[in-house]
Amino acid sequence: MESMVHTENLVFEYEKQDEENHVIGRSRAIDEVNIDIREGQFVAILGHNGSGKSTLAKHLNAILLPTQGTVWVNGQNTRQPEKLWNVRQSAGMVFQNPDNQIIGTVVEEDVGFGPENLGVETDRIWERVEESLRAVGMIEYRYHSPNKLSGGQKQRVAIAGVIAMRPKCIVLDEPTAMLDPVGRREVLRTVEELRRQEKVTVILITHYMEEVIDADRVFVMDHGRVVMEGTPREIFSQVELLKRYRLDVPQVTILADKLRKRGLPIPAGILKKEELVELLCRLN
Amino acid sequence: MIRDITIGQYYPAKSVLHRLDPRVKLVCTLCYLVSLFLFKSIPGYLVATVFLVAIIRLSKVPFSYIMRGMRPVIMLLMITVVFNLFLTREGDVLVRVWIFTITEGGLRTAVYMAIRLVYLIAGSSLMTFTTTPNGLTDGIESLLHPLNRIRVPVHEVAMMMSIALRFIPILLEETDKIMKAQIARGADLESGNIIQKARSMVPILVPLFVSAFQRANDLAMAMEARCYHGGEGRTKMKPLKYKGRDYAAYFAMAVYTAAVVLIGRSVPLHIWIF
């Protein structure tokens, strides 16, 4: 498998300025991050607020350029200005706020915005728009105004807008943070389906641990560094560490961990309620 | 209350008017607005009324929806009417109270001015109801394209307009939310004189501006992430192409304008309104 996203000693620093625009210091948002994401993988990046996960996401799309180190997306260095549009086409990005990323005033026009920018032929744009809206299950809303949609539906439109650009990789930067539980489930199901049917690489950035249990790989970030890396099970088995990184560990995982510490024969890293129930039933 | 503002909003429906080329609608609306000032007689008003009603019918936009769009401009309308009523001195005096005089000519001017303004707003809002803002900006972009040669950034201006239109309802909703939040914190937005009222708007406008800038920032990022890089090398999902119905619409417009001018003028001079 090809490497889809690769970072090497990635560092990003903000300049702190006083009121007269003098630089009074620098703060590191990303500190020596090395990650490698293979094509077709579902990767989750976990971290609490201010851990640098969103800053990292913006590097994958060349919205931010590294202070030090290098980012390769689909084999292209994000620093090369002539590759900028290629990079952005390869790694589509979905943002947190559903309202602030929809440009069109009609759903289908918004989905067509990306392909228009890429200079795709008119007929092909229509095909892509239809395909993408079908893929996210929003085809019946194609003539609607985005203002009348729910948060979850808006995010699905935003996802369709990204798929219409035929990216190899989709970066979702906390796509569910502003949604209610129903909308959140809606968006996650859409992402899951896309991954299965379109075989795109998915990078999900979130602070909800429940959302990463289906991921192939999980990275945990804290203070701009990648502090944990592994499969969801490996990550979830280290409850104490996760709490130290201020993540909300799911209740099942905590319960299973406590039972295990009390001596019940339960393996570490329980992800789902059903899993624990089955294990407990088998105990007798 | 703030959500009642319907001017500049798209009303989705499937009508002939919705399908017309935006350029046709822009040119025809302009023609229509000018035509309202080309006649001075009752038959002229009749023709304009018939035309407007027919167009509204064709558009499938509910009449009440259009009327709702009038609400914010009622004040303006009243002021115009009052000024015309009292300041026009023509014909017989109808009423005289202290320094205020209403003449027959003044009354007529006031009534007809009001009708003209209402028709003007109805006509132009009908254009925005039946044209998606993107269509509208595409139309403007295409009509103004020749200005590109004298270095007017036509595409950029058109894009800015379409974004502004898209965010009108969002910002209105936000204003509503902020107002409620401030009222919940004890802000008094209703009482006091104009200056006090204006001052009480500050705690609403400041958060509104902060959030508008935040949104602008987010949106710019989202647009760049989707490879937006200006008008160069950009294709169109809905390129503008004249079809049969568009020529028909131009023709209908020409017939209407001719009718209004001819009928409006063909009446003997003395029953012209002004």
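What counts, and at which threshold
- Residues numbered from 1 in each chain as written.
- Chains lettered and ligands numbered in written order.
- Predicted model: local features only at pLDDT ≥ 70, side-chain atom pairs only at ≥ 80, totals over all residues.
- Heavy atoms only, no water.
- Helix = DSSP H or I, 4+ residues; strand = E, 2+ residues; numbered from the N terminus.
- Buried < 20%, exposed > 50% of the residue type's maximum accessible area, 1.4 Å probe, protein only.
- Expected span 1.5 Å × (residues − 1).
- Arc of directions from axis to C-beta.
- Core = buried A, V, L, I, M, F, W, Y, C linked by side-chain atoms within 4.5 Å.
- Contact = heavy atoms within 4.5 Å.
- Buried area = accessible area lost by both parts, 1.4 Å probe.
- Salt bridge = Lys/Arg side-chain N within 4 Å of Asp/Glu carboxyl O.

Sorry if this is basic, but what is going on with the overall build of chain B here?
Looking only at helices and strands, one finds 11 helices and 2 strands in chain B. In chain B, the succession of helices and strands from N to C terminus is α-α-α-α-α-β-β-α-α-α-α-α-α. Across its three principal axes, chain B shows a C-alpha extent of roughly 65 × 60 × 40 Å. Counting every position in chain B, which comprises 274 residues, the buried fraction comes to 43%.

How should I be thinking about helix H3 (residues 42–59) of chain B in this particular structure?
Helical periodicity: at 3.6 residues per turn, an α-helix aligns residues three or four positions apart in one direction. Residues and elements named next belong to chain B. The terminal C-alpha atoms of H3 lie 26 Å apart, and with 18 residues this matches the ideal 26 Å at 1.5 Å per residue to within 8%. Those residues of H3 that sit buried are Gly-44, Tyr-45, Val-47, Ala-48, Phe-51, Leu-52, Ile-55, Ile-56 and Ser-59. Along the axis of H3, the buried positions cluster into a sector of 165 degrees, meaning they face one direction only. Residues Leu-46, Val-50 and Arg-57 are exposed on H3 and point more than 90 degrees away from its buried face. One or two residues past the end of H3 sits Lys-60, with phi positive at roughly 65 degrees.

Honestly, the nonpolar core in this entry has me stumped. Any pointers?
The nonpolar side chains of a soluble globular protein tend to be buried, and buried together. All names here are of chain A. One finds Leu-133, Ile-159, Ile-170, Leu-172, Val-218, Val-220 and Leu-242 to be the most contacted residues of the largest nonpolar core, which totals 48 residues. Among the elements that line this core, the one with the most residues is helix H5 (residues 151–163), at 6 residues. In this structure, Ile-170 is in contact with Gly-92, Val-94, Val-162, Ile-163, Leu-194, Val-200, Thr-201, Val-202 and Ile-203, ignoring residues within four places of it in sequence. Counting residues in hydrophobic clusters, the runner-up holds 32 residues, among them Phe-12, Val-71, Val-73 and Phe-219.

Sorry, what's going on with the interface of chain A and chain B here?
Many analyses report the size of an interface as the accessible area lost when the parts associate. Tallying the contact residues gives 38 residues for chain A and 30 residues for chain B. Both sides together, the interface formed by chain A and chain B hides about 3,200 Å², and carbon and sulfur atoms give 57% of it. In this assembly, chain A and chain B are joined by 5 salt bridges. Here Glu109(A) ties to Lys238(B) by a salt bridge, and the two come within 3.0 Å at their closest N and O atoms.

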